Each structure stands twice: as C-alpha cells, then as structure tokens.
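Fold and contact review
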Amino acid sequence: MEAGAVKTPVFLEVRRRLQSALLIVGEPKEGGLPMDVSIMPSSLQMKTPAGCTEVQLPAEVRLVPSSCRGLQYVAGDGLHLRLQAQAEFSTKLVSMFNQSLQAQECCTFYCQSCGEVIMRDRKLLRVLPLPSENWGALVGEWCCHPDPFANKPLHPQENDCFIGDSFFLVNLRSDLWQVRPEPVPAEMCFSNHFKLEPKANTKVICKRCKVMLGEIMSSETTKFYMTEIIIQQSERRLPIIPRSQFVQSVVAQCLVELSSARSTFRFTIQGQDGKVYILLWLLNSDSVVIESLSSNHIKKFPLLEDTLKADFSSARNAVKVLYQPCIRSGDEKLASSWESDISVHSLTLPAATCLELLLILSRSNATLPPSLRQMNSFQVAFLKM
C-alpha cells in the first residue's frame, strides 16, 4: 500500500544489531478511537470505526508479534510499543569512491547538481586516503630527528586522487588552459567547466549551474567536495540521484566511517568560510526507518520533493543523530565550546550545502512523532544512506 493511502500515521524504527523495534501508531485522521491494531510478521493492520488500514512492510523487515511489550499511550503520538524485529539489510557501506575498482581505470567527474562533465576520462593510477589533519603532530612524536615532512604538503600527481574526510584532491594540470602571465582579472576562465575567481576567492564553480564544487588549493591541486561531485567509471552512465538523497547519504557515510575509524561521535559541520552551521552528535548507525509522512508544510521546498514520495514497500538504512543549528547570533558560545574540544571532529562543506543539510535535518525532525523530536536541548533526526 502506498504511503498516500495510509490514513493512520505509522512510525517504525528497527535496530539491526539489537534486533528490536519501536512501533508508534498515531491516532487516525478520520474515525478516531477505538482502534484495533493487529501485528503480523510482514504487515500491520489498524481498524477504526471509519475503516481498515493495512501496511505491508518491506520484504527485508520481519516482526515478531509475540514479543510485543511496553504498550502505552502517549498524548500527541498515539500508541507506543516495542517488539523484536529483524532487518536483513547489508551493513556494508557503499564507499563514495571505491579504491579497488576505480584505481587503474578511466573515470569521469560530474557535477552532481546538474550532470555537467567536469573531467572526462581521467585515468587514476593511485587512489589513496589522506591521513588525519593531526598527522603532522603525530610524526613529531614518532621521529627522533627533525620532521622530514615539515612544510611539505601532500599534493597529488597527475594520475592521483587523494581522499579526505569530505573531499577529493586531484591534479588538474592536464585539464587546464595555460594561464597567461598577467594580473588575475575579476573572473578568469581556465577550463571549459570551471571559473577561477579572484585570488581572495578561490572557489571552483560549475559553469552550467553555478554551484560551488570545490576550491583551488595550489596552481595544480584542486579540492572537490564529496557532496558536489559524482565520480563514475567512464563506460558507465551517470546515475540520476535526487539532491537531498545524495547529500544525506554522503554525510551519513562520512559520519559512520569517521566514527568507526577515529572513535569520535560529535561533529561540527562548517562552511568553507570557517563558519559553523550545525553541531551533530551521532547516536547510532544501525537503524532502519519506515514512516508515513504526516508533515505536509514543507512540500514547498523543491530540495525535499523526492523524500515525499517514499512508501512502505521500501526502507533504507539510516543514522540517528542529534543536531543543533548554529545560525543564530546566540549560538556562537556553544559552537566555540565544541570547536575547542579535541574529541569533536570538523567536516567542511560548501556553505550552501550546509544550509541544505540543515533543511534535510529539519524535515526529518518534523516527520517524527512529537515525543521523539527532542533530546535534552538537541533535536533528533535521521539521515538515510
């Protein structure tokens, strides 16, 4: 049954590792109470005086009806109960850049927003992860002699791609026109797809849609943000991925990979200008969320149109986060305390993408049952992978 036909709001969060689920059945919009709820391994059925609503769960999700416990009514939400559940989703993340497959092959770089080709048929011989931002300090502890890497930044060669926390570093030497030895004008085109802005503003802008893709790091090295670029093997077609789905998937995967590699669960999301836009706290990364959309006031945002088409026949892995916007004048103190904490990791994205992410988080929060929307002073949201 499609989500549009569901008149009784339903929220189901399945935890894969715990094999448990939280089910919330909201009050029906028509007919009211009393309501009979029947739980079957692959479906839910709600009967009211106005009729019957049946929800078919995705094939990967199975409930254990005999394990239901903790039934209670929460004003504003409806019926809450917990039960055992299984979700047979693959826990292996699809890396945004698969090193084993992409190395030694020709790749094409696309603008994710409009599909414009940024680099065509670039053969990457080495695809290497960059060390953490504190690697220089660690080298000082390892070496008994002066640091041999001091003042030697890591720049990729022509057929290299270095992978950072939220960006790629590539060498564009063979893709650039020869820059003329004269003062940099107000705006200077140096390839068919980029514009190099004044030296004080080294943004890389997509020529077609004007979206910021990255930054010029040196005369040959360019940083592309993962949220703005799709890297595809040249013989494959460009996948069409809705913008909001792509952004939250990339950010969710970055959070999971960083928390696993560095045991850090708190993050600041900051723009390329250094301004902190969001504080994020990763709660868990093993959730599967199935929900009927009950908040329609955000349909006017084109960025979120694809998320409003979800139905109960499909579900996606998600990470559960606490978040705090830092866009008001009174948020600087909290943001500053997080920035000075060594256990907090910073992710840098284009400022416009930070605002997109905040809108996605707000939309996710608005669709949750009211009792789940806040935890202490933070708001709760899910980012689907």
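Keep in mind it's a predicted model, so treat the numbers as computed, not measured.

Analysis parameters
- Residues numbered from 1 in each chain as written.
- Predicted model: local features only at pLDDT ≥ 70, side-chain atom pairs only at ≥ 80, totals over all residues.
- Heavy atoms only, no water.
- Helix = DSSP H or I, 4+ residues; strand = E, 2+ residues; numbered from the N terminus.
- Buried < 20%, exposed > 50% of the residue type's maximum accessible area, 1.4 Å probe, protein only.
- Contact = heavy atoms within 4.5 Å.
- Areas by Shrake-Rupley, 256 points an atom, 1.4 Å probe, with all protein chains shown as cover.
- Polar contact = N/O pair within 3.5 Å; in protein donor to acceptor, adjacent residues only side chain to side chain.
- Phe/Tyr/Trp six-rings, centres within 6.5 Å; stacked < 30°, edge-to-face > 60°.
- Lys NZ or Arg CZ within 6 Å of the ring centre and 35° of its normal.
- Salt bridge = Lys/Arg side-chain N within 4 Å of Asp/Glu carboxyl O.
- Core = buried A, V, L, I, M, F, W, Y, C linked by side-chain atoms within 4.5 Å.
- Pairing = 2+ DSSP bridges.
- Patch = residues over 30% accessible without salt bridge, like charges linked within 9 Å, V, L, I, M, F, W, Y side chains within 5 Å.
- Axes fitted to C-alpha atoms, helices over the stretch in contact; angles between N-to-C directions.
- Expected span 1.5 Å × (residues − 1).

Notes on the overall build of the protein
From N to C terminus, the protein includes five helices and 24 strands. Residues classed as buried in the protein amount to 47% of the 385 residues present. The contacts in the protein between residues at least 6 apart in sequence include a share of 63% that link residues at least 24 apart. As displayed, the protein has an accessible area near 19,600 Å², and 52% of this comes from carbon and sulfur atoms.

Let's talk about the side chain of N284
Mapping N284 onto the fold places it in strand β20 (residues 276-291). A polar contact of 2.7 Å, which involves the side chain of N284, links it to the side chain of S287.

Some points on the packing of aromatic side chains
Tallying each qualifying case throughout the model produces five aromatic pairs. Here W281 and F378 contribute two aromatic rings whose centre-to-centre distance is 6.3 Å and whose plane-to-plane angle is 90°, an arrangement assigned as edge-to-face. Residue W281 is located in strand β20, and its partner F378 is located in strand β24 (residues 378-384); the two are separated by 97 residues in the primary sequence. Given a relative accessible area of 9%, F378 falls into the buried group. The side chain of R266 reaches across the aromatic face of W281, ending 5.4 Å from its centre. Just above the ring of W338 sits the side chain of R266; from NZ or CZ to the centre is 4.9 Å.

A closer look at the pattern of salt bridges
Counted according to the given criterion, the structure contains eleven salt bridges. Its salt-bridge partner being E13, residue K320 comes within 3.9 Å of it at the nearest N-O pair. Placement of the pair is K320 in strand β21 (residues 316-325) and E13 in strand β1 (residues 10-15), with a sequence separation of 307 residues. Neither K320 nor E13 differs from the other in exposure class; each is buried. When the shortest N-O distance is used, the salt bridge between R243 and E228 registers 3.0 Å. Linking R243 in helix α3 (residues 243-262) with E228 in the loop between β17 (221-225) and β18 (229-233), this pair joins segments that are 15 residues apart in sequence. For R243, a relative accessible area of 15% puts it in the buried group. A residue is classified by how much of its surface remains accessible, and E228, at 1% relative accessible area, is buried.

Description of the nonpolar core
Generally speaking, a soluble globular protein has its nonpolar side chains buried in company with each other. One finds F109, F224, I278, L280, L361 and L383 to be the most contacted residues of the largest nonpolar core, which totals 50 residues. Ranked by the residues each element gives to this core, the list is headed by α3, at nine residues. Excluding residues that lie within four positions of it along the chain, L280 makes contacts with L255, F265, R266, F267, I269, V321, L322, Y323, W338 and L361. Among the nonpolar cores identified, the runner-up in size contains 21 residues, and A21, V61, L63 and A87 belong to it.

Considerations on the pairing of strand β3 (residues 36-40)
Note that β3 and strand β4 (residues 43-48) share five bridges and pair antiparallel. Pairing of M40 across the sheet is with S43, part of β4. In textbook terms, the turn of a hairpin is the stretch between consecutive antiparallel strands, and for β3 and β4 this stretch comprises two residues.

Digging into a nonpolar patch on the surface
A cluster of nonpolar side chains, contributed by F265, W281, L283 and M375, occupies part of the molecular surface with about 350 Å² of accessible area. On the secondary structure map, M375 appears in strand β23 (residues 374-375). With relative accessibility at 36%, the residue M375 sits in the partly exposed group.

Looking at the sheet that holds β3
Spatial strand order, β3-β4-β5: three strands in an open sheet with antiparallel pairing. Edge positions in the sheet fall to β3 and β5 (51-56), since each has one partner strand and no second. Taken over all neighbouring pairs, the strand axes of this sheet differ in orientation by 10° on average, direction set aside.

Observations regarding helix α5 (residues 351-367)
Taking 1.5 Å per residue, 17 residues should reach 24 Å; α5 reaches 25 Å between its end C-alpha atoms and fits that length. Inspection of α5 places A351, T353, C354, L357, L358, I360, L361, R363, S364, N365, A366 and T367 among the buried residues, and these make up the whole buried set. Summarising the contacts, the buried residues of α5 are in contact with α3, β19 (266-271), β20, β21, β22 (344-349) and β24.

Here's the deal with the environment of P369
Summarising the element assignment, P369 is placed in the loop between α5 and β23. Under the relative-accessibility criterion, P369 is labelled buried at 10%. Along the backbone, P369 and G76 are 293 residues apart, and their C-alpha atoms lie at a distance of 7.9 Å. Leave out the neighbours within four places in its chain, and P369 touches F11, I24 and D77.

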